[in-house]
Amino acid sequence: FEDTGKIASFDIAQQNFSRLFKKTYGVVLQEYIVRRRLLEAQRLLLEAPEQQIAAIAYSVGFKDPSYFGRVFKRIYKMTPSRYRDSLNTQLISAW
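Residues numbered from 1 in each chain as written. Predicted model: local features only at pLDDT ≥ 70, side-chain atom pairs only at ≥ 80, totals over all residues. Heavy atoms only, no water.

In this section: helix 2 (residues 29-47). When the terminal C-alpha atoms of helix 2 are compared, their 27 Å separation across 19 residues agrees well with the 27 Å that a helix rising 1.5 Å per residue should span. Burial in helix 2 covers these residues: Val34, Leu38, Ala41, Gln42, Leu44 and Leu45. The buried side chains of helix 2 occupy one side of the element, clustering within an arc of 165° when seen end-on. (Helix = DSSP H or I, 4+ residues; strand = E, 2+ residues; numbered from the N terminus. Expected span 1.5 Å × (residues − 1). Buried < 20%, exposed > 50% of the residue type's maximum accessible area, 1.4 Å probe, protein only. Arc of directions from axis to C-beta.)

Structural data, given as structure tokens:
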């Protein structure tokens, strides 16, 4: 029964943390993590054009490349491959 008290206090601490995190950053922790992963994926899409998109998805913490693609498209309104192509096109035309 001792463990039950520890679990209950952890739940309360976790709720307080979640509430404080959302108040501080304006998003829930899970959404913050997803957006940080997507930012890293954007960097890799630009800096590692030889790397497969599935490998980038795994490297930034997504367990499913299809899910990564859906989330990426929801946030950026284009697929990761289209994003990469548009970056490469911009870079080429800048020369």
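Back to the text.
Taken together, the side chains of Phe17, Tyr25, Leu29 and Tyr32 present a nonpolar region at the surface, about 380 Å² in accessible area. Of all the secondary-structure elements, those providing two or more residues to the nonpolar patch are helix 1 (2-25) and helix 2. Along the chain, the position of phenylalanine 17 falls in helix 1. Here phenylalanine 17 falls in the partly exposed class, since its relative accessible area comes to 44%. (Patch = residues over 30% accessible without salt bridge, like charges linked within 9 Å, V, L, I, M, F, W, Y side chains within 5 Å. Areas by Shrake-Rupley, 256 points an atom, 1.4 Å probe, with all protein chains shown as cover. Salt bridge = Lys/Arg side-chain N within 4 Å of Asp/Glu carboxyl O.)

In terms of nonpolar packing, the biggest core is built from 15 residues, with Leu38, Phe62, Phe68, Val71 and Phe72 touching the most fellow members. The set of elements that each furnish at least two residues to this core consists of helix 2, helix 3 (53-59), helix 4 (65-76) and helix 5 (80-94). In terms of residues, this core owes the most to one element, helix 2, which gives five residues. For valine 71, the residues in contact, after removing those within four places along its chain, are Val34, Leu38 and Phe62. (Core = buried A, V, L, I, M, F, W, Y, C linked by side-chain atoms within 4.5 Å. Contact = heavy atoms within 4.5 Å.)

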